[in-house]
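Overview (structure and organization)
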Amino acid sequence: MSTVKLTGEDSINMQLVDMDMTCNVSPAGTSSQQTELPGGAEQQTMRVYLRVRPFSKEELCDQEDQGCVVIENNQTVTLKAPKGSATMKSSEKGVGTSLHKFSFSQIFGQEMTQSDLYEDTVKSQMSGFLDGKNALIFSYGVTNAGKTYTIQGTPKEPGILPRVLDATFHYIGGRLYEGMDLKPYLRTDAQHLDPDQVKQERSAKASILASVKDECDPIRASGRLSSSSTRFSLSYNQTVLASDPTKAGSGQFALWVAFFEIYNECVYDLLQPSFCSKSKKRAALRVCDDGAGNAYVKDLRWINIQTVGEASKLLQFGNKNRSAAATKMNQSSSRSHSTFTMKLLKIDGSTVERISEFSLCDLAGSERCNKTKTFGERLKEAGNINNSLLILGKCISALRNHQTDRMKSSYIPFRESKLTKLFQAVFCGKGKASMIVNINQCASTYDETLHVMKFSAVAKQVVQLIPDKSLESPCLVGRDGKPLVRNGAIAGRALESYLSEEELLDEEDEADMSLLPQDDLVNIIESLRTKLLAERRRNLVQEMEIRKEMGDAMLQQLMESEELRIRQIAEQKESNQEKLENTFEMYKDAIKEHAYQCAMNNLEDDYVPLDEFIAEQEKVEALKRKVSELDTLTSSVGRVLCAVLTVDQSCQTQPSEATEAAGEDRCKRLNKEKCAIEKMCEDKQQLILSLEKRLMELSETLQKIRDGFLEKSADLEVLQRKWDDQTQSMDDILRQSVEKDREIASLKAELAKHSQKSPVQPKTKRGLLANIREAVTSPRNSSPGRKLRKTVKTAHN
Ligand code: ADP
Ligand code: MG
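My aim in this report is to walk through the structure given alongside it, one point at a time. Keep in mind that this is a model prediction, so the values were computed, not measured.

1. As for the packing of aromatic side chains
Geometry of an aromatic ring pair is reported as the spacing of the ring centres plus the angle between the planes. As enumerated under the stated definition, the model contains nine aromatic pairs in all. Taken together, a centroid distance of 6.3 Å and an interplanar angle of 80° make the contact between Phe138 and Phe427 edge-to-face. Of this pair, Phe138 sits in strand S8 (residues 135-140) while Phe427 sits in helix H12 (residues 418-430); the two residues are 289 residues apart in sequence, bridging distant segments of the chain. For the residue pair Phe138 and Phe427, the accessibility class agrees, reading buried in each case. Plain terms: the ring middles of Tyr140 and Phe455 are 4.0 Å apart, the flat faces sit at 5° to each other, and that makes the pair stacked. Here Phe455 lies in helix H13 (residues 446-459) and Tyr140 lies in strand S8, a separation of 315 residues in the sequence. Taking relative accessible area as the criterion, Tyr140 reaches 3% and is therefore assigned buried.

2. As for the sheet that holds strand S9 (residues 182-185)
An order of S9-S10-S21 is seen for the three strands of this open sheet, with the pairing classed as mixed. In this open sheet, the two edge strands, each paired with only one partner strand, are S9 and strand S21 (476-477).

3. As for the sheet that holds strand S6 (residues 99-103)
Two modes of strand pairing occur in sheets, parallel and antiparallel, and in both the strands are linked by backbone hydrogen bonds. Spatially, three strands are ordered S4-S5-S6 in an open sheet, and the strand pairing comes out antiparallel. Only two strands of the sheet have a single neighbouring strand rather than two, namely strand S4 (69-71) and S6. Averaged over all neighbouring strand pairs, the angle between strand axes comes to 20°, with direction disregarded. As defined by bridge partners, strand S5 (residues 76-80) adjoins S6 across five bridges and the pair is classed as antiparallel. Paired with Thr78 across the strands is Lys101, a residue of S6.

4. Regarding the site of ligand 1
The local shell around ligand 1 consists of Arg51, Arg53, Pro54, Val142, Thr143, Asn144, Ala145, Gly146, Lys147, Thr148 and Tyr149. In this structure, an oxygen atom belonging to ligand 1 sits 2.6 Å away from a main-chain N or O atom of Asn144. At a separation of 3.1 Å, an oxygen atom of ligand 1 approaches a polar backbone atom of Ala145. Within the complex, the protein chains bury 69% of what would otherwise be the 560 Å² of accessible surface of ligand 1.

5. Things to note about the pairing of S9
What you see with S9 is no split at all: Leu182 and Pro184 on one side and Lys183 and Tyr185 on the other are buried throughout. Taken together, the four bridges between S9 and strand S10 (residues 189-192) define a ladder with antiparallel strand orientation. In the sheet register, Tyr185 faces S10, and the bridge partner there is Asp189. Connecting the antiparallel pair S9 and S10 is a turn made up of three residues, with Leu186 showing a positive phi of about 50°.

6. Examining the environment of Gln252
Among the structural elements, Gln252 can be located in strand S11 (residues 252-263). Judged by its relative accessible area of 32%, Gln252 is partly exposed. In this structure, the C-alpha to C-alpha distance between Gln252 and Tyr177, residues 75 residues apart in sequence, is 5.4 Å. Once residues lying within four places of it in the same chain are set aside, the contact partners of Gln252 are Arg175, Leu176, Tyr177, Leu345, Lys346 and Ile347.

7. Topic: the packing of helix H5 (residues 123-130) against helix H7 (residues 160-172)
Axis separation between H5 and H7 bottoms out at 11 Å; the angle between their running directions is 40°. Considering the angle they form, H5 stands oblique to H7. Here the hand of the crossing between H5 and H7 comes out right-handed. Across from Met126, Phe129 and Leu130 in H5, the residues of H7 making contact are Val164, Ala167, Thr168 and Tyr171. Grouping the constituent residues of the contact of H5 with H7 by class yields six nonpolar, one polar and no charged.

8. Regarding the side chain of Gln441
Structurally, the position occupied by Gln441 is in the loop between strand S19 (432-439) and H13. Polar contacts involving the side chain of Gln441 include one to the main-chain carbonyl oxygen of Arg53, which spans 3.0 Å. In contact with Gln441, other than residues within four places in its own chain, are Val52, Arg53, Pro54, Phe55, Glu64, Cys68, Val69 and Gln110.

9. Observations regarding a negative patch on the surface
Judged by side-chain charge, Glu571, Glu574, Glu578 and Glu581 come together as a negatively charged surface patch. Checked against the element boundaries, Glu578 lands in helix H15 (residues 518-606). Residue Glu578 is classed as partly exposed on the basis of its relative accessible area of 49%.

10. So, the environment of Gln63
Mapped onto the fold, Gln63 is located in the loop between helix H2 (57-61) and S4. Separated by 379 residues in sequence, Gln63 and Cys442 have C-alpha atoms that sit 8.6 Å apart.

Thresholds applied
- Residues numbered from 1 in each chain as written.
- Chains lettered and ligands numbered in written order.
- Predicted model: local features only at pLDDT ≥ 70, side-chain atom pairs only at ≥ 80, totals over all residues.
- Heavy atoms only, no water.
- Phe/Tyr/Trp six-rings, centres within 6.5 Å; stacked < 30°, edge-to-face > 60°.
- Helix = DSSP H or I, 4+ residues; strand = E, 2+ residues; numbered from the N terminus.
- Buried < 20%, exposed > 50% of the residue type's maximum accessible area, 1.4 Å probe, protein only.
- Pairing = 2+ DSSP bridges.
- Axes fitted to C-alpha atoms, helices over the stretch in contact; angles between N-to-C directions.
- Near = heavy atom within 4 Å.
- Polar contact = N/O pair within 3.5 Å; in protein donor to acceptor, adjacent residues only side chain to side chain.
- Areas by Shrake-Rupley, 256 points an atom, 1.4 Å probe, with all protein chains shown as cover.
- Contact = heavy atoms within 4.5 Å.
- Parallel < 35°, antiparallel > 145°, perpendicular 65-115°, else oblique.
- Left-handed = near helix turned anticlockwise from the far one by under 90°.
- Nonpolar A, V, L, I, M, F, W, Y, C, P; charged D, E, K, R; others polar.
- Patch = residues over 30% accessible without salt bridge, like charges linked within 9 Å, V, L, I, M, F, W, Y side chains within 5 Å.
- Salt bridge = Lys/Arg side-chain N within 4 Å of Asp/Glu carboxyl O.
- Lys, Arg positive; Asp, Glu negative; His and termini not counted.
- Charge placed at Lys NZ, Arg CZ, Asp CG, Glu CD.

See the structure below:
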């Protein structure tokens with residue numbers, strides 16, 4: 001095989017196509033990489049078949065046929081994304097492609113019959129089963145893709161299961177072991193039943209068979225199987241049997257069947273009649289380990305069947321149980337995985353020579369959660385169902401990875417789901433597994449179908465290594481679950497190496513210990529003690545991990561809340577500051593406005609333009625000057641008058657009429673002038689007085705404005721003080737936050753101390769939950785700060 005390195009999905013497809021081109025095509029038309037290894041072991045890739053269901057009438061009416069599935073040849077199929085599908089949308093965006101090619105061991109188109117499918121898929125596993133090898137067939141696909149049709153079929157078209165049963169009975173022929181006293185035990189062993197137990201087995205079987213009406217038997221009602229011959233009349237032919245009955249030796253065969261379902265990670269027995277009573281709740285069964293790494297369902301009911309008719313009735317009973325349970329719980333039976341298991345015991349005398357197992361598993365619909373409406377419990381259920389399919393996918397890809405790179409020991413998560421736990425033995429070489437992928441061709445479910453195809457592409461690359469040597473011969477145990485000893489040893493193994501079923505179970509199972517001998521008790525106690533110690537260690541580690549996780553989570557939470565608080569404070573501070581500034585500005589503007597308004601009001605009445613005022617003042621000055629000039633003039637006139645008077649007196653003694661007349665005129669003129677000047681002075685004086693009065697009024701207005709301004713300034717001061725107070729309180733908050741920081745640091749230290757201390761002084765006796773609760777509540781009950789302060793105090797003392 002050439003190695004072309006590609007990435008992602010394309011790489012898978014390329015490898016697949018590449019692989020198929022080199023694989024051997026068997027005469028039957030099936031292909032797989034099959035190699036013979038030294039020692040006769042067989043190695044082959046897991047067979048993955050594809051079955052494409054025909055359209056139903058309704059689907060054709062709904063235009064679901066858009067040519068999404070194109071079968072190129074019997075091994076290659078191409079999927080074409082229809083318009084509107086998520087795949088098409090992604091490809092239009094340039095992510096991925098709208099065409100996907102897949103190859104399979106064989107593809108069965110819609111024209112292929114149930115018989116064709118059986119002939120080409122189950123044949124090799126069927127012959128292995130009859131030769132003592134284990135087989136597993138599981139059907140995978142979305143709901144309504146044809147899984148149940150493939151496994152069980154319909155009365156007219158029986159599926160793989162009735163055909164396997166029929167072929168098995170044909171093979172057994174007249175060599176049926178009718179004793180019913182050799183029954184499968186655990187996963188690979190057998191138990192010898194005493195007559196009482198056989199009686200119980202017979203009555204249990206009879207009660208189930210009696211509860212199924214004859215006419216309802218789907219296989220027999222179809223008229224295709226007769227209850228006595230138990231053979232398919234049409235489809236059956238010898239080629240379905242690879243093993244020749246004539247070569248089977250002298251032994252006899254007993255066939256036991258079980259039918260169970262896994263729903264929501266719980267295993268339910270579908271052959272338990274008790275469930276038929278409406279009041280009883282179904283009991284979930286446990287999946288246990290048989291000590292050799294094989295998982296088995298504890299307390300699962302195994303029924304011995306002697307005809308196909310009986311098997312068919314059991315199948316019908318189980319199906320009825322399954323759908324009744326589904327209806328009761330208001331869910332669809334397509335949400336559970338159902339498994340029908342057959343165990344074929346080859347018996348020689350009273351020894352069980354070998355046991356082979358054939359399981360047919362009808363998996364739950366693989367559609368993903370988002371497609372269905374999932375709430376609460378239903379979401380959990382969907383999670384579990386998808387989880388088991390997810391784990392199955394993980395196991396398959398881990399197996400593939402492990403095989404491609406053997407140096408890398410990858411962990412295969414078989415134990416993470418009940419389904420894979422039970423599949424583990426077959427996947428790990430204790431049998432052959434094959435998968436039938438069922439798809440419909442509907443355009444509306446294209447994306448889910450593509451998902452199914454991708455899953456199968458990985459499954460197809462899983463290589464199965466099947467050792468040639470037949471399975472180890474089973475151990476036959478008695479009623480107590482202890483091996484029945486022959487010649488002191490069992491197949492070379494020491495008796496002590498066997499543990500009964502009770503001993504294999506975990507400590508939570510109750511067993512009557514008082515019945516056991518002392519040595520056994522001591523051994524049990526020892527093993528229990530070791531288990532207990534291991535469990536305690538595991539719990540301790542788990543507790544530490546949980547504590548650490550919780551501590552980290554709490555710290556994270558504290559840090560986050562602290563950060564949030566600081567951010568809130570800063571934001572608050574900022575917004576307060578902004579508010580204050582805004583208010584301050586508002587007041588400032590208001591005061592200015594007010595002052596301006598007042599000034600404007602006053603000025604409206606008293607307004608004197610400055611130029612006028614200055615001109616008036618200048619006039620006043622000029623007048624004042626004139627007045628002083630006139631004063632000086634008056635005084636000089638007075639002096640002149642006095643002189644004149646003295647001259648007059650002297651003239652009276654020597655009178656002269658002309659000078660007397662001239663003096664009189666002059667006096668009169670002067671007097672007139674004086675009067676005019678005095679009047680002018682008076683006018684001016686009055687003007688000065690009125691101007692002074694005006695000045696007084698103006699200064700009064702100015703005083704008022706000043707008072708108003710002072711008042712507003714006082715208001716401003718009050719506001720300023722308020723702002724200072726706010727800033728002060730903000731500083732306090734900041735101081736508190738610093739203190740909180742310090743507390744967090746001390747908490748951290750305390751936590752660190754706790755996590756260091758816990759491994760030394762574990763409180764295992766109080767239980768994990770109590771410790772978790774303590775871990776959660778302790779910071780509230782006693783603040784680490786307080787504790788710290790205490791320690792500091794004691795240190796000081
Ligand atoms: P699933 O079990 O996957 O939910 P079913 O097996 O119940 O699907 O099939 C859904 C329907 O399709 C059934 O009515 C079934 O009879 C029918 N069907 C499925 N596969 C085929 C087929 N190959 N040929 C004819 N009818 C089929
Ligand atoms: Mg189904």
